[in-house]
Amino acid sequence: MIPAPAEAVKSIRSVAAEPRSSLLKKGEDAQMKKVLSLLLVGAMVIGVVGCGSASGELFSTAATREWSADDANHVFMDDEAIALAQSVAANGAEGAANMRAQAKAALDGCNAQRSSAGLGSMTWSDGLEQAAMVRAQEIVTTWSHTRPNGSDWWTVNSNLMYGENLAKGYSTADAAVAAWMASPTHKANVMDGGFKTCGIAIYEVGGTWYWAEEFGY
C-alpha cells in the first residue's frame, strides 16, 4: 500500500532525524553479519571436504560362517587364486608397503575396540591375509560376498575363513575401522569373542582402495 503523503513525509523526517552514529552502527552491524555469513559458508565447505576424505562404502552386511564337524571332511582351498593374487600384488608393488601397513593398523584399531570391551586381541594370520588379498581383488569386479565364480567367499580357504568384512574407498585404517564399527553386522564380526585370528588386505585400482578383512578361530 502506498502511504499517504503526510505519512510519507513523516517517515522521511524520521529517517533524516535519526542520529548519524546510529546509522553508522547499523551499517557496521550489516557488514558484520555479511562477514559472519561468509565465515559460516567457508566452515561448511571445509567440513564437507574433510568428511569427503574419509568417504567410502561397505557391503550391505558382513558375512559369517558357523563351524561344524563336517568342515574337516569338506575342505576348500583355492591355491590357484591365492598364487595369482600374490603375483598380482607383487607386480603392483608401488604403494604395497603402505597398504600393508594400513591393513595391520586396521587390525590394531579393531583390537583397540575389543580391548575397550574386555575382549582378547586377535592375532595376525598370514594365511588369512593371503585369503583376504584374493577377496580384495575379487570385489573390484564382483562387489559381493559371493565370488566371481559363484562360490561362497570362504571357499578361498575353508580351513581358516569364518567371517568377512568388506569395504571400499577408505584410504586410512582409521576410516575403515570407523565404518565397520558403525555397521551392526560388521561390528559384530570385529567384536566376536570367538574369533582369535584375522588377516586384512587392501588392493588398489584407479586410486580406490578395496578392503577385505577375514576372521578365523
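Rules used in this analysis
Residues numbered from 1 in each chain as written. Predicted model: local features only at pLDDT ≥ 70, side-chain atom pairs only at ≥ 80, totals over all residues. Heavy atoms only, no water. pLDDT = per-residue confidence, 0-100. Contact = heavy atoms within 4.5 Å. Phe/Tyr/Trp six-rings, centres within 6.5 Å; stacked < 30°, edge-to-face > 60°. Helix = DSSP H or I, 4+ residues; strand = E, 2+ residues; numbered from the N terminus. Buried < 20%, exposed > 50% of the residue type's maximum accessible area, 1.4 Å probe, protein only. Polar contact = N/O pair within 3.5 Å; in protein donor to acceptor, adjacent residues only side chain to side chain.

(A) Fine view of the confidence of the model for the protein. For the protein, mean pLDDT is 80; residues scoring 70 or higher make up 72% of the total. The model gives residues 1–28 a pLDDT under 50, and that stretch makes three contacts with residues more than four places away or in other chains. pLDDT under 50 marks residues 32–53. Its contacts with residues more than four places away, or in other chains, come to one contact.

(B) Representation of the packing of aromatic side chains within the structure. For the structure shown, the criterion picks out seven aromatic pairs. Ring geometry for Phe-195 and Tyr-217: centres 5.2 Å apart, planes at 35°, overall tilted. Placement of Phe-195 in the loop between helix H7 (184–190) and strand S5 (197–205) and of Tyr-217 in the segment after strand S6 (208–216) is noted, with a sequence separation of 22 residues between them. According to the relative accessible area criterion, Tyr-217 is partly exposed, its value standing at 45%.

(C) Spotlight on the side chain of Asp-78. For Asp-78, the position within the fold is in the loop between strand S2 (63–64) and helix H3 (79–91). At 3.1 Å, the side chain of Asp-78 forms a polar contact with the backbone nitrogen of Ala-81. Once you skip the residues sitting within four places of it in the chain, Asp-78 turns out to touch Arg-147, Thr-155 and Val-156.

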